[in-house]
Each structure stands twice: as structure tokens, then as C-alpha cells.
Amino acid sequence: MGAMGKTGLKKRRPARAAAKPPGARRARPPAPHRGANWHDHLVMLLHAGAEIEHALMVEYLYAAYSLGGEQVPEKHRPMVQRWRDSLLAAAREEMGRFLGVQNLLRLVGGPLNFARRNPPWDSPYFPFPFKLEPLSLKSVACYIYAEMPDRKALRAARGRSKPARFRKFLDHELHRIERIVHRRAGDDAHRVGALYAEIIELVADPERIPDSVFNPDSYAAQASWDEWGRGYRPDPVQLTATGNRADDAAEEPAGRPSTRPAHVLVPRMATRAQALEALHEISGQGEAMHLRRHDTGEPSHFERFLEIYQDLEKLKGRKPARDIPVNPAVPMPGTRGARRGTTPLTGARARDWGTLFNLRYRMLLAYLAHALRLPPASGARPALRSMVMHKVFGEMYALKSIAAVLVRTPLHDGAGPASRGRKPAFAGPPFETPYTVALPDSERDAWIQHRDLLRAAGELCAKLRADGDDADARRYAAVLADIDRQSLAWVDQVIATSKGAQPRRSPNCASSRPSRSAGSARRRSPSTTTCSRTTRSARSATGASSAPRPCASTRRPARSPARTRARRSRSGTRMAASARLPPSSRPSPSPPPASCAR
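Residues numbered from 1 in each chain as written. Predicted model: local features only at pLDDT ≥ 70, side-chain atom pairs only at ≥ 80, totals over all residues. Heavy atoms only, no water.

1. Describing the nonpolar core
Phe169, Trp228 and Trp353 are the most contacted members of the largest nonpolar core, which totals 139 residues. Examining the composition of this core, we find that 18 residues originate from one element, helix 1 (residues 38–66), more than from any other. Dropping the residues within four chain positions of it, Trp228 is found in contact with Leu99, Ala223, Val264, Val266, Leu368, Ala371, Leu372, Met389, Val392 and Phe393. (Core = buried A, V, L, I, M, F, W, Y, C linked by side-chain atoms within 4.5 Å. Buried < 20%, exposed > 50% of the residue type's maximum accessible area, 1.4 Å probe, protein only. Helix = DSSP H or I, 4+ residues; strand = E, 2+ residues; numbered from the N terminus. Contact = heavy atoms within 4.5 Å.)

2. Topic: the packing of aromatic side chains
Tallied over the entire structure, the rule returns 11 aromatic pairs. Ring pairing ties together the aromatic residues Tyr60, Tyr143 and Phe305, which thus form one cluster. Directly above the ring of Trp38 sits Arg208, whose terminal nitrogen or CZ lies 4.7 Å from the centroid. Across the ring face of Tyr219, the terminal group of Arg268 is positioned such that the distance to the ring centre comes to 4.3 Å. (Phe/Tyr/Trp six-rings, centres within 6.5 Å; stacked < 30°, edge-to-face > 60°. Lys NZ or Arg CZ within 6 Å of the ring centre and 35° of its normal.)

3. Quick look at helix 3 (residues 137–147)
Because an α-helix packs 3.6 residues into every turn, residues spaced three or four apart end up facing the same way. Counted residue by residue, helix 3 has nine buried out of 11 residues, so it is predominantly covered. Listing the buried residues of helix 3 in full gives Ser139, Val140, Ala141, Cys142, Tyr143, Ile144, Tyr145, Ala146 and Glu147. Summarising the contacts, the buried residues of helix 3 are in contact with helix 1, helix 2 (77–107), helix 5 (164–185), helix 6 (192–203), helix 8 (272–286) and helix 9 (301–314).

4. Considerations on the confidence of the model for the protein
Scored by pLDDT, the protein has a mean of 77; 67% of the residues are at 70 or more. The low-confidence segment residues 1–19 (pLDDT under 50) makes seven contacts with residues lying over four places distant or belonging to another chain. The low-confidence segment residues 416–420, where pLDDT is below 50, has three contacts with residues more than four positions distant or belonging to other chains. (pLDDT = per-residue confidence, 0-100.)

5. Regarding the pattern of salt bridges
Pairing is possible between side chains of opposite charge, provided their charged atoms come close. All chains considered together, the criterion is met by 21 salt bridges. Residue Asp470 is joined to Arg349 by a salt bridge in which the shortest nitrogen-to-oxygen separation is 3.9 Å. Placement of Asp470 in the loop between helix 12 (443–465) and helix 13 (471–497) and of Arg349 in helix 10 (residues 348–373) is noted, with a sequence separation of 121 residues between them. Each member of the pair, Asp470 as well as Arg349, is classed as buried. Salt bridges sharing common partners tie together Glu53, Glu94, Arg97 and Glu147. (Salt bridge = Lys/Arg side-chain N within 4 Å of Asp/Glu carboxyl O.)

Here you go:
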């Protein structure tokens, strides 16, 4: 019957929801994802949140590194520098939010997650496909959509007194931004706030997440602002008893959002109420008007990116970013061409510096995972956690410096006709994730992994120091190599003193010495297996045979004090006689028995 049904009527195709905005609110799931309970579902949501914060942080960093260059007109350079500072501030705040999610995972008993993979984009959580790209109107539109409040909050804010840029966004730019995001991600674009709203709803429900899930003993091991904040906090303002800004400070702070410093949030929590408060603060930092409980006047990521978007429109087509690639990648050995969706770093220098960048990125993730695994410092333990955290910050600065080298390094080799007119012209930081971000289970093996990465970095730096084209890059490679040598010496010392570094002892020989009071002879219990070290030393002094002797496992009768003194006197006489012999005639010390080697 073709397109006709049994009733003879033509079936209608469902109308496409073209006017439906991307990421429209879906009904709350009536049950957790298949094969799991609500606690496991919460851990899965937190893992998604950690990966989103990680991905956004990297995208903001890449956009910030792309800004600048000779192509920016002189009069616009201060404005472009403000954008760069604002993007870096948002990336720092993403780092704090990332650590806050790890703290919540530790509180509810879930494994920590430092990964950043390309997830399935039909899932109802991830904002848009991951993409490293220079700053443009399209990329900023995606950042705005990911961080903006939901439509209900936007409609509620329409009638309030808001800055002119916000009214312009509601009246003219919101639909344009949604169209840009729709063309990139289809109907599968989502706001980050929607994920946090679901997490907050789940954490607040004691029927689905009981009190027994929250482990207050994990508080001491969680990351804190004192450890990771590094001075990134806003200027003090006058607040009311409810936590909001006072009336005399209720107006918008002086200056643009891009001029405000970063405020790194690293919340710690031990109870359900503290977890909910932390979630509101984390999500509110992205969406100023949506989930934030208190209005402290700090610019949100949404406000930072909205300012950049509106200023970009004033440039009228001028590019503020360098000519760097989209999704740069280091080609794998033995492969031809680029992986799908990536731009290969084909130049020799670009490939070497890109490899070093990826290696330092892996070192940063390994140090970060290790720092959160180590116990806090105490009077009885060395401050290894603080020292590893110091390495995390050092790798952050290293990535920033290497990125500055890459964005001025030619993407392709040669200056012949084949290389002319090729776009893009320069390389970019690849930010490629390693095959794993998991640390070995053994503490000693984790330090050995740090040592292996440092050695690999040292080999690369030695190669880059021979590069004669860029004197600044050559000097930086030398400085980085010197820092790595110091770090390698420190890691070797930790490995040498770590548990498990001592040579294994024979199972037939005990190394424990019984306690001995002053002036008393050594006491051996019947259950203790010891070596006859006195007889061995006497044989060594007199040149007697050094054949291995088995360990004595039976209890010897205690010697009288007079017998002990006489034996020591005879031993001293023999040693003195041996000392008077010529050096060539003195007997060499015999090695200890193999079965009793220490």
C-alpha cells in the first residue's frame, strides 16, 4: 500500500523540532542508568562533571594562548590582553571546580577521575564536542552557551535592572548564539548547569542518597584552598547577614568583568549540607544568576565570555588570534596523515616541542593524582604531599612557557613553494591525553613512573637545546633540563628511602634485634633465629676459613660474665697482632654467608 496505511490515510512524518533550542530541559530520569543504583549513578554524574571541567579548562587555555601577535592592531592590544587575562582566570577557576568535584567524589566513596576523553555527544551532560581552536565568535558562543543560566532564569532576569550588555544579550544575541551552537552540536548541546542541577537534586534527596554514603573521615584527605588557592581570591567586600552584598555595594563592581581577578574555589566538605553548599558555589561560579545562593558581585564565566563576545563584534572581522591550527596533534610513529579531526604538527621543531608539551601535560596529571593520594603532612611524616603539589604548579608554568614557544614555531618545515600559502602557519599546544592517567598501585612504582617521565623529558630537552633557530627556546630548554635534573635527584632519593627499596633478606635469617639493657649480655629467645656474627668476625680477624655457616636456630646457654670478659680479651689480642702485620699480609675480611646477607 506504499505510504498509505490500512485505513487508506497517508501517514504523517513527525515534524522536526527546528525551533527547539539545543539542550532543552528533559524530564528527570525516573531511575538511575541501567545496571546501577542511585549511589553509582551519582558517582557517574560526578565523573562526567570532572571530565567537563577538565575539558573546558583546556579549551579556555588554548583560546588564551592563541591571542596576541603582530596581526592585532596597536589600539586593540590592551583589549585583547584583557580577554587573555579573563580566559586564564576562568581556566584557573575551572581548576578549582575540578578539585571540588574530586573532593565530593572522595566524600561519597567514589574513585577520583582525572581523565578527559571524548565522550559520546548524544549523552545529556556534555556541552559540545571537544575542540581546541583559536578564539573566534563561534568558539566564544559555545563557551557562553555552556556556562549560561537556563531559560527560566533568563526570563526571570529580563525585568530586573541589569547591565546594558546583558539586555543586549537577551534581546539580540541569545538566538544567534543558540544557532551557532546548534550548527556545531545539533540537539545534543547542553549547559553545564543542567548537570549540576541534577547532582544537587540527587544529593539533597536522603531517600536516594542516604546519610551513610557520606564519609566525614575523608575531610582531612581532601584538597583545600590553602593548598591549591595560591592567593586567587577576590577583594574583600561588605556582606549582609544573609551572605549577599550590602546595599552600598549592590551595584555592579567598577570595571569590566575581564579586569576582575580569578577566585579559585576549592571547597571541602564532610556532610550533606556542606556538599550542597559547595555544589551551589561551584555551579554558581559559571552561572551568576542561576544556582548561586549568595550574590557576592564576582563575575561569572558567563559574564566574562559575554563581554568578550560583544567586544569581538566591534573588531568587524579582524582576527585577534594567531594563525594556529584546530586540534593540533603529534603524528604517531609509523602512521601516515592525520587522525580524523586533528591537524598534525609536521615540522620537526613543532613536533619535538609538541611532544615535550604532551609529556609535561602527562607529568602534571600524574603529579596531581599523586598529590591527592598522598596523606596530609604531619609532625611524624615528611611533607611529600606539599612537595608533589609544588611540582604540579611547576608543570603548569612549564606548559604555559612551552605553549608560548609553539605558537611562534612554524607548523611546517621548509620555505619552498610547497610550504607557501599553507594554513595554518604556526603550531599550537596539542594537549593530547596520555594512554592512562592512573598511577601504579604501589607507592614506590608511582615514584618510578615520575622518574621515567623525568628521564624522557631530559632526553627531549637535550635535543631541543641543540636547536639553533630560536635562541630563547634554546635557553628555556636548558633551564628546564636543569630543573628536571634537580627533580630527578629528589625522586631518586625518595625511591631509595621508600618502603620496598631495601634488598630482600633471606627468609632463614631474621634481621630484628632483641632489646638489650645497658651492661647486660644479648638475650635471644627460642623463637628468634639469629646469625653467629661473633664467630664470623673472629674468623675474619685470624684469617680462618670463611666457609658459609648455617644460621643457628637453637638457643645457646648464657655465658657467665667472667667467660665473656676472657673471650673479649683473647679476641682483642688476636686483632692487635693482626694489625702489626704488613698490609700485604693482613687477611681480607670474609663476606657474610649468602643465607644471612643483609
